[in-house]
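What the coordinates show
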Amino acid sequence: NYTMAFNDINKKIEYLKEYLLRYEPENLILSRIHSVKDIYEYRKVLKQIKSNEIVVDLISDIILEAINDNRRFRTLECLTVLKSIVRQLPENIKLKKASIDKLFVIYKYFIFSKREEIKWCVSVITKNKKLDRKSINWLIANHNKSDHILNRLLLYPYRNSEITNWAKQVYSDGRYGNRRSELIALLIDNDIPEYAKNEDGNVILWAIYKSIIPFSQKVKLLIKYCDPKSMESAIEIAGRMDSPQIIRGL
C-alpha cells in the first residue's frame, strides 16, 4: 500500500510540474522538448502554454531540423502544436523577420501536402504575417498551384506593390471570376480604379469591405457606390462593420 501511495504521489507531483510549465514555456521547451518526438509527447501541454517569440522559434527550429534531416514524424500533430503556439501569441507581439522566415520555410515545404489538414495548418501559421519580397514573389509564382496560396495573396493584410501589380494583371486577364471582389479589394487605394467601376455593384461593395483602407474611407466609398440593386449587400456590410453611418448615408 505504501508503494502504491508513493507512486501515486509521484504521478501527482509530476502532473503539477507539467501544469506549472504551462506558465514557464521556455523552461518547458529547454528542459524537455528536444525533438519532434518530444513535441508529440508533450503536445497537450504545449498547446496550452503562454506563447512568445522564443517559443515559436524553438518549436520552428525543431521542426525545420526534422525536415532537413528528412526524418519521419507525426507531421499533423507537430504542426498543430506550432499552429496553436503561433495563434496564442499576444496581439502586441509582432514576430521578427527571422521568425517569420522560419514559418514560411515550413509553409513552403508542406503547402503541397496531399493531406488537406496539413495545408490548412501551415496556412494558419503564416496568416497575417508580413512577408518579405522573396516570399511574396514565391506566392505569386505559385498562386495557380494551390487555392491555399491564392488565398494567402488575396487575403494579404498589408499594402504591397508586387501583390497590387499581380492583382491588376489577373483582374485584367479575367481570371478568378468568382474572386473579383477580393482582387479589386487589393487595388483600392483612395477610390475604386477606373477600369473596375463598371463591375456589378455588389462586387464593388464587397471589394470595399474587404479592402485594407481606413474605416472612415470604407464608409464613404460604400455610400458612394451603393445603388438600388446592391442595397441588401450594403445593409449586410453595415451590420458587419457595426456602422449606423452607412445606413444614415444611404
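The structure this text deals with has already been given above.
A brief report on the enclosed structure follows. (Residues numbered from 1 in each chain as written. Predicted model: local features only at pLDDT ≥ 70, side-chain atom pairs only at ≥ 80, totals over all residues. Heavy atoms only, no water.)

**Points about the packing of helix 7 (residues 97-110) against helix 9 (residues 133-141)**
At a closest axis distance of 11 Å, the pairing of helix 7 and helix 9 adopts a crossing angle of 15°. Here helix 7 lies roughly parallel to helix 9, going by the angle between them. Between helix 7 and helix 9 lies a crossing of left-handed hand. The residues of helix 9 that touch helix 7, namely those facing F104, Y107 and K108, are S135, W138 and L139. When grouped by side-chain class, the residues that make up the contact of helix 7 with helix 9 number four nonpolar, one polar and one charged. (Axes fitted to C-alpha atoms, helices over the stretch in contact; angles between N-to-C directions. Helix = DSSP H or I, 4+ residues; strand = E, 2+ residues; numbered from the N terminus. Parallel < 35°, antiparallel > 145°, perpendicular 65-115°, else oblique. Left-handed = near helix turned anticlockwise from the far one by under 90°. Contact = heavy atoms within 4.5 Å. Nonpolar A, V, L, I, M, F, W, Y, C, P; charged D, E, K, R; others polar.)

**A look at helix 10 (residues 147-154)**
Along helix 10, seven of the eight residues are buried, which leaves the element largely enclosed by surrounding structure. All buried positions along helix 10 are accounted for by H148, I149, L150, N151, R152, L153 and L154. Contacts from the buried residues of helix 10 go to helix 7, helix 8 (116-126), helix 9, helix 11 (161-172) and helix 12 (180-187). Sitting at the head of helix 10, S146 places a side-chain oxygen 3.1 Å from the backbone nitrogen of H148. (Buried < 20%, exposed > 50% of the residue type's maximum accessible area, 1.4 Å probe, protein only. Polar contact = N/O pair within 3.5 Å; in protein donor to acceptor, adjacent residues only side chain to side chain.)

**Digging into the pattern of salt bridges**
Enumeration over the complete set of coordinates arrives at 14 salt bridges. Among the salt bridges present, the one from R133 reaches E162, with a minimum N-O distance of 2.8 Å. Placement of the pair is R133 in helix 9 and E162 in helix 11, with a sequence separation of 29 residues. According to the relative accessible area criterion, R133 is exposed, its value standing at 57%. For E162, a relative accessible area of 18% translates into the label buried. Its salt-bridge partner being K224, residue D191 comes within 2.8 Å of it at the nearest N-O pair. Residue D191 is located in the loop between helix 12 and helix 13 (201-210), and its partner K224 is located in helix 14 (residues 215-225); the two are separated by 33 residues in the primary sequence. Look at K224 and you get exposed, because its relative accessible area is 51%. Members of the salt-bridge network, linked through shared partners, are D57, D61 and K102. (Salt bridge = Lys/Arg side-chain N within 4 Å of Asp/Glu carboxyl O.)

**So, the packing of aromatic side chains**
Summed over all chains, the structure comprises eight aromatic pairs. Aromatic side chains F104 and Y107 sit 5.3 Å apart centroid to centroid with 25° between the ring planes, which places their arrangement in the stacked category. Of this pair, F104 and Y107 are both found in helix 7, three residues apart, which corresponds to roughly one turn of the helix. Neither F104 nor Y107 differs from the other in exposure class; each is buried. Between Y109 and F110 the ring centres are 4.9 Å apart and the planes differ by 80°, which places this aromatic pair in the edge-to-face class. Among the aromatic residues, ring-to-ring pairing joins F104, Y107, F112 and W138 into one connected group. The ring centre of Y40 lies 4.0 Å from the NZ or CZ of R43, which sits over that ring. (Phe/Tyr/Trp six-rings, centres within 6.5 Å; stacked < 30°, edge-to-face > 60°. Lys NZ or Arg CZ within 6 Å of the ring centre and 35° of its normal.)

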